[in-house]
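Geometric and topological summary
Spelled out, the chains give:
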Amino acid sequence: MTALKLLVGIEVLIAVVIGYRGIYAPQQRQVHALTERRTTETQFRQSAEEVAALVQQIERYRARLPQAPDPSWLVQELLDQARTAQIELTSITKDSSQPIGAATRLGVTVRFEASYHHLGRFLEAIERSEKFLRVEHVQVGRADPRGGPVTITLTCSTLVIPPGLPGAGGGF
């Protein structure tokens, strides 16, 4: 009877080992592999969503810039903003283009006479513009020491990103 119990115990032990090695362990490895795969795919999906959001943001910023290194775009934008602020520009001087890394800086210097109130409106219109405009320099001088409008020289710039760079209208 002890031999029979021992034999049954050995058979149960063999069945447990075969069950563990043949069924349980492979299933556990498969569950682990599926969990890792799900985690990797989730991370990939999240990364893809983040990249898509960043590309949309780049394209929104890109739409605020001129398509070509032509200062006429910047001149037209400043004329539009001056009209909004009820200012008449008396002179417009295009600055020479300057490379900044892979981009190009376009600059324009404008002169006009205006009250401080109109100057403030003009600067606010530039700052609120949907286009990317940067005021680099403002010089204010009084034409008439007894009061009245002031003479203002303002340098404004923007950037041009050449085609082929990320966010330059052509994708990556």
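On a predicted model such as this, the values are computed, not experimentally measured, just so you know. (Residues numbered from 1 in each chain as written. Predicted model: local features only at pLDDT ≥ 70, side-chain atom pairs only at ≥ 80, totals over all residues. Heavy atoms only, no water.)

Details of the overall build of the chain
The cut-off we apply is this: In this text, helices come from DSSP runs of H or I with a minimum length of four residues, and strands from runs of E with a minimum of two, each type numbered from the N-terminal end. To sort residues, take the accessible area from a 1.4 Å probe on protein chains only and compare it with the maximum for the residue type: under 20% means buried, over 50% means exposed, and anything in between is partly exposed. Whether two residues touch is decided by their heavy atoms; if any such pair falls within 4.5 Å, the residues are in contact. The Shrake-Rupley method, run with a 1.4 Å probe, gives the accessible areas here. Residue values count only the displayed protein chains as cover. His is not counted here, nor are the chain ends, while Lys and Arg score as positive and Asp and Glu score as negative. Charge positions come from single atoms, namely NZ of Lys, CZ of Arg, CG of Asp or CD of Glu.
Along the chain, the regular secondary structure elements total three helices and five strands. When each of the 172 residues of the chain is scored for burial, the buried share is 24%. In the chain, of all internal contacts separated by at least 6 residues, the share reaching a separation of at least 24 is 62%. Carbon together with sulfur atoms contributes 58% to the accessible area of the chain, which is approximately 11900 Å² in total. Mean positive and mean negative side-chain charge positions of the chain (19 and 17 charges, respectively) differ by 6 Å.

Re unusual backbone geometry
Although it is not a glycine, Gln-86 adopts a positive phi angle of roughly 60°. Position of Gln-86 relative to the elements: it lies in the loop between α2 (71–84) and β1 (89–94).

A word on the nonpolar core
A general tendency of soluble globular proteins is for nonpolar side chains to be buried together. Cut-off, in case you're wondering: Here the nonpolar core consists of buried residues drawn from Ala, Val, Leu, Ile, Met, Phe, Trp, Tyr and Cys, with membership extended through side-chain atoms lying within 4.5 Å.
Residues Leu-78, Ile-87, Phe-112 and Phe-122 are the most contacted members of the largest nonpolar core, which totals 21 residues. Elements with a contribution of two residues or more to this core: α2, β3 (103–114), α3 (116–128) and β5 (150–160). Residue contacts for Ile-87: discarding those within four places in its chain leaves Ala-82, Phe-112, Ala-114, His-118, Leu-119 and Phe-122.

Thoughts on the pattern of salt bridges
Operational definition: A side-chain nitrogen of Lys or Arg and a carboxyl oxygen of Asp or Glu constitute a salt bridge if their distance falls within 4 Å.
Counted by the stated rule, this structure contains seven salt bridges. Among the salt bridges present, the one from Glu-49 reaches Arg-45, with a minimum N-O distance of 3.4 Å. In this pair, Glu-49 and Arg-45 both sit in helix α1 (residues 2–62), four residues apart, roughly one turn of the helix. Within this structure, Asp-95, Arg-105, Arg-134 and Glu-136 form a network of salt bridges that share partners.

Thoughts on the confidence of the model for the chain
For the record, the criterion: Residue-level confidence of the predictor is summarised by pLDDT, bounded by 0 at the bottom and 100 at the top.
For the chain, the average pLDDT comes to 85, and 92% of its residues sit at 70 or higher. For the chain, α1 is the element with the lowest average pLDDT, namely 85, and β1 is the one with the highest, namely 94. Predicted confidence is poor over residues 167–172, with pLDDT under 50, and the contacts of this stretch with residues over four places away or in other chains come to 15 contacts.

Notes on the pairing of β5
Here is the rule we go by: A pair of strands is treated as paired once DSSP finds two or more bridges between them.
Extensive coverage of β5 is indicated by the burial of ten of its eleven residues. Looking at chain direction, β3 and β5 are connected through eleven bridges and run antiparallel. Residue pairing across strands places Arg-105 opposite Leu-159, the latter belonging to β5. Sheet analysis places strand β4 (residues 134–142) next to β5, joined by eight bridges and oriented antiparallel. Bridge pairing links Arg-142 to Val-150 in β5.

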